[in-house]
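So you can see what is in the structure, the chains are spelled out below.
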Amino acid sequence: MKSRRTLITTALAAASMGLALGLPTAAQAQNYKSEYRMSLVVGTAFPWGKGGEIWANKVKEKTNGRINIKLYPGVSLIQGDQTREFSALRQGVIDMAIGSTINWSPQVKQLNLFSLPFLMPDYAAIDALTQGEVGKQIFTILDKAGVVPLAWGENGYRELTNSKHVVKSPADLKGLKIRVVGSPLFLDTFTALGANPTQMSWADAQPAFASGAVDGQENPMSIFTAAKLQNVGQKFVTMWGYVADPLVFVVNKEVWNSWTPADREHVRQAAIEAGKEEIAIARKGLADAGQPLLKEIEGMGVTVTRLSADERAAFVKATKPVYDKWKGQIGTDLVTMAEKAIAGRKQ
Ligand code: X2X
């Protein structure tokens, strides 16, 4: 029989070996949950949900199964109320999430930056923000707000759709009932355009399109196709590229601190890799020459309107007062920094 002393020495040696290998010690492993809950607005049929699946799989692989993640699409942990996701993350109702900047902007006002109308004219402009100093600053703000931000993803350019007619000018929007989400900034933008905006969750929006309770909405074309919005009357699309919402990969702080430093690094690396892959999926058919995704959508009997430079300028002009008002609310310094980053972007 081994002496008590030998047993203790053996246990200590095993523990320090575990540390050297980046494995959790027995005590740390006890703090690991058997499952971590990842919140998402949409499921794996969408680039966003696919990003969640990629992240979860990579984490499982890199941590040898120590960290197991289950996906909760439809923001089901908070009964579909996507604007409560950030608070729930902070409180630990949600362990981790890939969230849209729009849905978290009621709690983190600086995230409204990405919802400023016509701030980002092209994909290079989005990258200039998320991959540069502005992105770093936003991560510092998110960290101070109580979550651990790890990587950027993308929902995409939010194009205008409706069930009534072709929209080519602000005048065409007059009186159209448009569903918007998240921040009061969207109410201001659509009011300035002469529309009749109404705020509702994504869960409530789809039946509202089907019943005709609302006429239109704005969302990336990848959301349009995966949710089959053409089947709920959304027959007219206007490619105006007025706003794009990035996604942010985050973890609850307590959960993060419960992991070993090595496992934290695995989760971060997995998020960065998954974010890159997710962005490529989100841009598929839209960032490529000829935008093949739009041809596919036209093939479904949808009228896709591409604006001329002059037509687009009329929308920019109509929303300029909203931009100016919100620049102050978001923070003049941050918005100016973003404008400069975009002006100096690599094309
Ligand atoms: O609700 C929306 O429009 C969606 C799915 O794009 C977001 O969660 C921001």
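Just so you know, these numbers come straight off a predicted model, no measurement behind them.

Rules of the game
Residues numbered from 1 in each chain as written. Predicted model: local features only at pLDDT ≥ 70, side-chain atom pairs only at ≥ 80, totals over all residues. Heavy atoms only, no water. Helix = DSSP H or I, 4+ residues; strand = E, 2+ residues; numbered from the N terminus. Rg over C-alpha atoms; globule rule 2.2 N^0.38 Å. Buried < 20%, exposed > 50% of the residue type's maximum accessible area, 1.4 Å probe, protein only. Contact = heavy atoms within 4.5 Å. Areas by Shrake-Rupley, 256 points an atom, 1.4 Å probe, with all protein chains shown as cover. Lys, Arg positive; Asp, Glu negative; His and termini not counted. Charge placed at Lys NZ, Arg CZ, Asp CG, Glu CD. Near = heavy atom within 4 Å. Polar contact = N/O pair within 3.5 Å; in protein donor to acceptor, adjacent residues only side chain to side chain. Nonpolar A, V, L, I, M, F, W, Y, C, P; charged D, E, K, R; others polar. Core = buried A, V, L, I, M, F, W, Y, C linked by side-chain atoms within 4.5 Å. Pairing = 2+ DSSP bridges. Right-handed = clockwise from strand over helix to strand, strands pointing away. Axes fitted to C-alpha atoms, helices over the stretch in contact; angles between N-to-C directions. Parallel < 35°, antiparallel > 145°, perpendicular 65-115°, else oblique. Left-handed = near helix turned anticlockwise from the far one by under 90°.

Student: Looking at this model, I keep getting lost on the overall build of the protein chain. Mind explaining?
Tutor: Per the secondary structure count, the protein chain includes 16 helices and 11 strands. Compactness check: the protein chain gives a C-alpha radius of gyration of 22 Å against a globular reference of 20 Å for 347 residues, within 12% of the reference. Referenced to the eigenvectors of the C-alpha coordinate spread, the extents of the protein chain come out at roughly 90 × 40 × 35 Å. Across the 347 residues that make up the protein chain, the buried fraction comes to 53%. Contacts in the protein chain between residues far apart in sequence, at least 24 positions, make up 73% of those at least 6 positions apart. Only carbon and sulfur atoms are counted for the fraction: they give 54% of the accessible area of the protein chain, which is about 15,000 Å². Across the protein chain, the 40 positively charged side chains and the 32 negatively charged ones have centroids separated by 5 Å.

Student: Help me understand the site of the ligand in this model?
Tutor: Within the structure, the ligand sits among Val41, Trp48, Gln82, Ser100, Asn103, Asn155, Arg158, Arg179, Val181, Trp202, Asn219 and Asp245. Between Gln82 and the ligand, the recorded distance is 2.7 Å, taken from a side-chain N or O atom to an oxygen atom. Measuring from an oxygen atom of the ligand, one finds a side-chain N or O atom of Arg158 at 2.8 Å. Protein coverage of the free-state accessible area of the ligand, which is 270 Å², stands at 100%. Looking at side-chain class alone, the shell around the ligand contains 4 nonpolar, 5 polar and 3 charged residues.

Student: How do you make sense of the environment of Asn57 when you look at a structure like this?
Tutor: Within the secondary structure, Asn57 is located in helix α3 (residues 47-62). On the basis of relative accessible area, Asn57 is assigned to the partly exposed category, the value being 47%. As for Asn57 and Ala274, which are separated by 217 residues in sequence, their C-alpha atoms are 9.4 Å apart.

Student: Whenever I open this one, the nonpolar core confuses me. Can you help?
Tutor: Nonpolar side chains tend to gather and get buried jointly when the protein is soluble and globular. Of all hydrophobic cores here, the largest spans 90 residues; its most connected members are Trp55, Leu113, Met120, Leu142 and Trp259. Not counting chain neighbours up to four residues away, the residues in contact with Trp259 comprise Tyr32, Tyr36, Ile67, Met96, Val251, Arg264 and Val267.

Student: What am I meant to see in the pairing of strand β7 (residues 196-199) here?
Tutor: Every regular strand shows the same layout, with side chains that alternate between the two sheet faces. When strand β6 (residues 177-180) meets β7, the two strands line up parallel, connected through 4 bridges. The partner of Val180 across the bridge, within β7, is Gln199. For the handedness criterion, the β-α-β arrangement of β6, helix α9 (residues 184-192) and β7 is classed as right-handed.

Student: I keep staring at the side chain of Asn219 and nothing clicks. Help me out?
Tutor: The topology assignment puts Asn219 in strand β8 (residues 216-219). The exposure class of Asn219 is buried, given its relative accessible area of 4%. A polar contact of 3.4 Å, which involves the side chain of Asn219, links it to the side chain of Arg158. Excluding residues within four positions of it along the chain, Asn219 makes contact with Asn155, Tyr157, Arg158, Glu159, Arg179 and Trp202.

Student: When you look at the packing of α9 against helix α15 (residues 309-330) in this model, what are you seeing that I'm missing?
Tutor: A pair of packed helices can be characterised by two numbers: the angle between their axes and the separation between those axes. Across the interface, α9 lies against α15 with an axial gap of 8 Å and an inter-helix angle of 155°. Taken together, the axis directions place α9 and α15 in an arrangement best described as roughly antiparallel. For the crossing formed where α9 meets α15, the hand is right-handed. Across the interface between the two elements, Pro184, Leu185, Asp188, Thr189 and Ala192 from α9 touch Ala318, Thr319, Val322, Lys325 and Trp326 from α15. Of the residues assigned to the contact of α9 with α15, the class counts are 6 nonpolar, 2 polar and 2 charged.

Student: How should the sheet that holds strand β10 (residues 244-252) be read in this particular structure?
Tutor: Picture the strands of a sheet paired through backbone hydrogen bonds; they go either parallel or antiparallel. Across the sheet, which stays open at both edges, the 5 strands sit in the order β2-β1-β3-β10-β4 with mixed pairing between neighbours. The open sheet terminates on both sides in strands that have one partner only, identified here as β2 (69-72) and β4 (147-157). Averaged over all pairs of adjacent strands, the angle between their axes in this sheet comes to 20°, without regard to strand direction. Sheet topology places strand β1 (residues 36-39) next to strand β3 (residues 96-100); 2 bridges connect them, and they run parallel. The residue of β3 that forms the bridge with Met38 is Met96. Docked against the sheet, α3 engages β1, β2, β3, β4 and β10, running at close to 155° with respect to β3. Where helix α13 (residues 261-283) meets the sheet, its contacts fall on β4 and β10, and the angle it forms with β4 comes to roughly 5°.

Remember, this is a structural readout, not a statement about activity or role.
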